[in-house]
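Summary of the model geometry
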Amino acid sequence: MESRRIVILTGAGISKESGLDTFRDPDGLWARVRIEDVATPEAFARDPDRVHAFYNHRRAGLLSEDVQPNAAHAALARLEAEWPGEVLLVTQNIDDLHERAGSKNLIHMHGELLKARCLVCGAASPWREDMTGDSLCPACGVEGALRVNVVWFGEMPFEMDRIYEALAACDLFISIGTSGNVYPAAGFVAEARASGRAHTVELNLEPSEGSSLFAERHHGPAGVEVPAYVDKILKNGW
């Protein structure tokens, strides 16, 4: 059991209990803001001030004292710390709640809200204040070349080769708080199953669109289901 490898995918549902908006719920972010206006390269080229303002607002919300890691974030950090094999956490979330909870082996496939990327030198730098068209790149000093370091619609998620290699080699794949309708992440369960070895588990508030693809399913709040499942793994495996 010591060598068994675990890959965990998390989505917006795990951060909702920390006070952050989801995207595709009826009252989610994309019900209030048009994707085409704030989350595409074309939107940024057309109206960078509006895109900056959108992400400045989200950044301020994430840095609010009211937004803190919840029990699900803490449980996944505990699993990584105590499991004798490898645990890779792949998150679709652009917040830093997993890091704050203590997770270390982590891939932000959709980027990070608290980083700025320079369109001139390509550097990704920590960024916690508002970003404007006058902001200077911390790496190269160029003015007006920064964008938020998140993956917009039409762009390729980060570190996909590493993610697919981990899915092909894992023994357990857990999907937490995802809608199951956003690719490529929605296809991860099929990638994990392709080896014929991985056990697949969904922990979600309600069944996702791909729920039937999982061998095991538990539905309820992430703050309840995730700690309970982590306890089970650490005591008895799966």
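Going by the structure above, here's the rest.
Quick summary incoming for the structure in this document. (Residues numbered from 1 in each chain as written. Predicted model: local features only at pLDDT ≥ 70, side-chain atom pairs only at ≥ 80, totals over all residues. Heavy atoms only, no water.)

**Concerning the pairing of strand S2 (residues 87-91)**
A large share of S2 lies buried, amounting to five of its five residues. Burial along S2 is two-sided: Val87, Leu89 and Thr91 and Leu88 and Val90, pointing in opposite directions, are all buried. Strand direction decides the pairing type here: strand S1 (residues 6-10) and S2, joined by five bridges, are parallel. What sits directly across from Ile6, in S2, is Val87. Looking at chain direction, S2 and strand S3 (residues 106-108) are connected through three bridges and run parallel. Across the sheet, Leu89 pairs through a bridge with Leu106, a residue of S3. (Buried < 20%, exposed > 50% of the residue type's maximum accessible area, 1.4 Å probe, protein only. Helix = DSSP H or I, 4+ residues; strand = E, 2+ residues; numbered from the N terminus. Pairing = 2+ DSSP bridges.)

**Details of the packing of aromatic side chains**
In the structure shown here, the tally under the stated rule is six aromatic pairs. Judged by centre distance (5.5 Å) and plane angle (40°), the ring pair of Phe44 and Trp152 falls under tilted. Taken together, the residues Phe44 in helix H4 (residues 41-46) and Trp152 in the loop between strand S6 (146-150) and helix H8 (160-169) connect sequence positions 108 residues apart. Note on accessibility: Phe44 and Trp152 belong to one class, buried. Geometrically, the ring pair formed by Phe173 and Phe214 is stacked, given 6.3 Å between the ring centres and 15° between the ring planes. Of this pair, Phe173 sits in strand S7 (residues 172-176) while Phe214 sits in the loop between strand S8 (199-204) and strand S9 (216-219); the two residues are 41 residues apart in sequence, bridging distant segments of the chain. Ring pairs connect the aromatic residues Phe44, Phe54, Tyr55 and Trp152, which therefore count as one cluster. (Phe/Tyr/Trp six-rings, centres within 6.5 Å; stacked < 30°, edge-to-face > 60°.)

**With respect to the sheet that holds strand S5 (residues 124-126)**
Pairing is antiparallel in the open sheet, where three strands are placed in the order S5-S4-S6. Bordering the open sheet on either side are S5 and S6, each of which pairs with just one other strand. Averaged over all adjacent pairs, the angle separating strand axes in this sheet is 45°, with direction ignored. In this sheet, S6 lies alongside strand S4 (residues 111-118) in antiparallel orientation, the contact comprising five bridges. Bridging from a neighbouring strand, Cys118 pairs with Leu146 of S6. Along the sheet face, helix H5 (residues 48-62) touches S4 and S6 and points at about 135° away from the line of S4. (Axes fitted to C-alpha atoms, helices over the stretch in contact; angles between N-to-C directions. Contact = heavy atoms within 4.5 Å.)

**Digging into the pattern of salt bridges**
In this structure the tally under the stated criterion is nine salt bridges. Here Glu82 and Arg78 are joined by a salt bridge, their closest N and O atoms 3.3 Å apart. Pair noted here: Glu82 and Arg78 are both in helix H6 (residues 71-82), with a separation of four residues, about one helical turn. Between Arg100 and Asp96 there is a salt bridge whose closest N-O contact spans 3.0 Å. By sharing partners, the salt bridges in this structure join Arg34, Asp37 and Arg50 into a single network. (Salt bridge = Lys/Arg side-chain N within 4 Å of Asp/Glu carboxyl O.)

**Side note on the side chain of Arg147**
With respect to the helices, strands and loops of the structure, Arg147 is situated in strand S6. Assessed through its relative accessible area of 4%, Arg147 is described here as buried. Polar contacts involving the side chain of Arg147 include one to the side chain of Glu155, which spans 2.8 Å. For Arg147, the contacting residues outside a window of four places in its chain are Phe44, His52, Lys115, Ala116, Arg117, Leu119, Met131, Trp152 and Glu155. (Polar contact = N/O pair within 3.5 Å; in protein donor to acceptor, adjacent residues only side chain to side chain.)

**Things to note about the nonpolar core**
Core analysis: the largest hydrophobic core is formed by 21 residues, its most contacted members being Ile6, Ile8, Ile174 and Val226. Where this core is concerned, the elements lending two or more residues are S1, H6, S2, S7, S8 and helix H10 (222-236). Sorting elements by how many residues they give to this core places H10 first, with five residues. Setting aside residues up to four positions removed in sequence, Ile174 forms contacts with Ile6, Val7, Ile8, Leu9, Val201, Leu203, Tyr229 and Ile233. (Core = buried A, V, L, I, M, F, W, Y, C linked by side-chain atoms within 4.5 Å.)

**Describing the environment of Pro184**
Mapping Pro184 onto the fold places it in the loop between S7 and helix H9 (188-193). Overall, the relative accessible area of 18% leaves Pro184 in the buried class. Note: C-alpha distance between Pro184 and Met160 (24 residues apart in sequence) is 9.0 Å. Beyond its immediate sequence surroundings of up to four residues, Pro184 is in contact with Met109, Pro157, Met160 and Tyr164.

Structural measurements only, silent on function.
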